[in-house]
Structure formats: structure tokens, C-alpha cells
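Residue-level structural notes
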Amino acid sequence: MKAKTCNETRVIRTSRIFPNDVNNHNTLFGGKLISDIDMLASISAVRHSRAECVTASIDSVDFLSPITPKDSVCIETFVTFTGTSSMEVIAKVIAENMMSGERKIAATAFLTFVALDQNGKPTKVPAIIPETEEEKKLYETGKDRAEKRKEHRKNSKEYARVLTTHKPWE
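Reference entry: report on the structure contained in this document. (Residues numbered from 1 in each chain as written. Predicted model: local features only at pLDDT ≥ 70, side-chain atom pairs only at ≥ 80, totals over all residues. Heavy atoms only, no water.)

Some points on the pairing of strand β6 (residues 86-97)
- Counting buried positions along β6 gives 9 out of 12 residues, so the element sits mostly inside the fold.
- Hairpin connection between strand β5 (residues 71-82) and β6: a loop of 3 residues separates the two successive antiparallel strands.
- As judged from the 11 bridges shared by β6 and strand β7 (residues 103-116), these two strands associate in the antiparallel manner. The partner of Ile94 across the bridge, within β7, is Ile105. (Buried < 20%, exposed > 50% of the residue type's maximum accessible area, 1.4 Å probe, protein only. Helix = DSSP H or I, 4+ residues; strand = E, 2+ residues; numbered from the N terminus. Pairing = 2+ DSSP bridges.)

Examining the pattern of salt bridges
- Here the structure, examined in full by the defined rule, presents 11 salt bridges.
- Glu135 is the salt-bridge partner of Arg10, the closest N and O atoms lying 2.5 Å from each other. Remark: Glu135 occurs in helix α2 (residues 133-140) and Arg10 occurs in the loop between β1 (4-5) and β2 (11-16); sequence separation between them is 125 residues. Of the two residues examined, Arg10 and Glu135, each falls in the buried class.
- The residue Asp36 makes a salt bridge to Lys32 at a minimum N-O spacing of 3.2 Å. Taken together, the residues Asp36 and Lys32, both in helix α1 (residues 30-49) and 4 residues apart, mark about one turn of the helix.
- Take Asp36: its relative accessible area is 12%, and that puts it in the buried class. (Salt bridge = Lys/Arg side-chain N within 4 Å of Asp/Glu carboxyl O.)

Right, here's the structure in full:
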């Protein structure tokens with residue numbers, strides 16, 4: 001299995017913000033952005049693994065700056081770190097004021113995908129090769145994020161044992 005560069009997994013999409021994309025504050029609706037991030041990040045994961053992939057987790061989506069209808073929004077995703085069958089993908093959301101050209105990082109997120117074989121079981125993925133300074137920094141810190149994710153997932157499973165599934169309206 002041949003290792004791949006981060007750039008080989010890169011996906012970039014730029015779009016405009018229209019009235020049906022905004023919330024009551026006239027900023028991009030967070031749920032729409034999260035959906036778009038997940039869709040584009042899944043393409044990065046499939047490009048890397050050349051296998052079906054499922055989203056295993058989305059780390060906190062950090063909304064750093066509002067995106068308005070005066071902005072275009074560019075989402076860039078690429079694989080930053082790999083495990084045996086899992087891949088970490090970063091999503092950078094860049095807002096650009098269409099009139100001034102000013103660009104800013106408006107949101108970031110890390111997503112984890114698991115590659116699946118034809119039977120729906122986890123399958124091995126190639127290693128990732130960082131090349132740029134940004135990619136190398138993300139790669140170097142990837143193991144720490146993966147360990148924190150495992151601990152968080154363990155805690156989530158413990159919470160799930162005590163959460164109820166009753167119907168509050170009954």
C-alpha cells in the first residue's frame with residue numbers, strides 16, 4: 001500500500017452565500033456549514049483510502065468569525081494523520097469579503113473517518129506524507145489528537161449507558 005501526500009487528498013470548494021444559507025443573524029447557518037464540511041472531508045478520506053468511508057467523529061467545529069452574504073466561503077480539506085483504518089481530516093473554512101478581497105479563517109474542524117472493506121469492516125489505509133510546514137505541524141500533533149479522541153469516545157460510551165431513551169412526551 002503506497003503512502004500518499006496530503007496534497008493528493010486535498011479538496012477545495014468555493015461558493016457564495018445566498019439568503020437561504022443564513023440564519024436569523026444573517027450569517028451562514030452553522031448546520032449547513034457542518035454538512036458541507038463533512039461532505040468535502042469525506043471526499044478527502046476516500047481519495048486517500050480508495051475505499052468506502054464513514055464519519056467516526058467530528059471534533060469541535062470552531063466558528064471563529066461570522067460568514068455573511070457579502071462573503072464567499074472556501075472549504076479546504078485534506079488528510080493530516082492516519083491510523084490503521086482511520087484518517088484524520090482537517091477542514092479549513094476561509095471567508096473572503098467579495099468587495100474588499102479580505103480573507104480570514106472563519107472556522108476549523110477535525111474529522112475522523114474509517115475506511116471499510118466490501119463487507120463493511122474496517123480496512124487498512126495508506127500512510128500520509130506531509131510536505132508543507134502546515135502539513136508537518138498537523139501531522140506531528142495528530143497522534144495527540146487521536147489519543148484525546150479515544151478517551152473522549154470512551155467517555156461518550158459511558159454516558160450513553162446512563163442516558164435514557166424514554167419518550168418525554170409520554
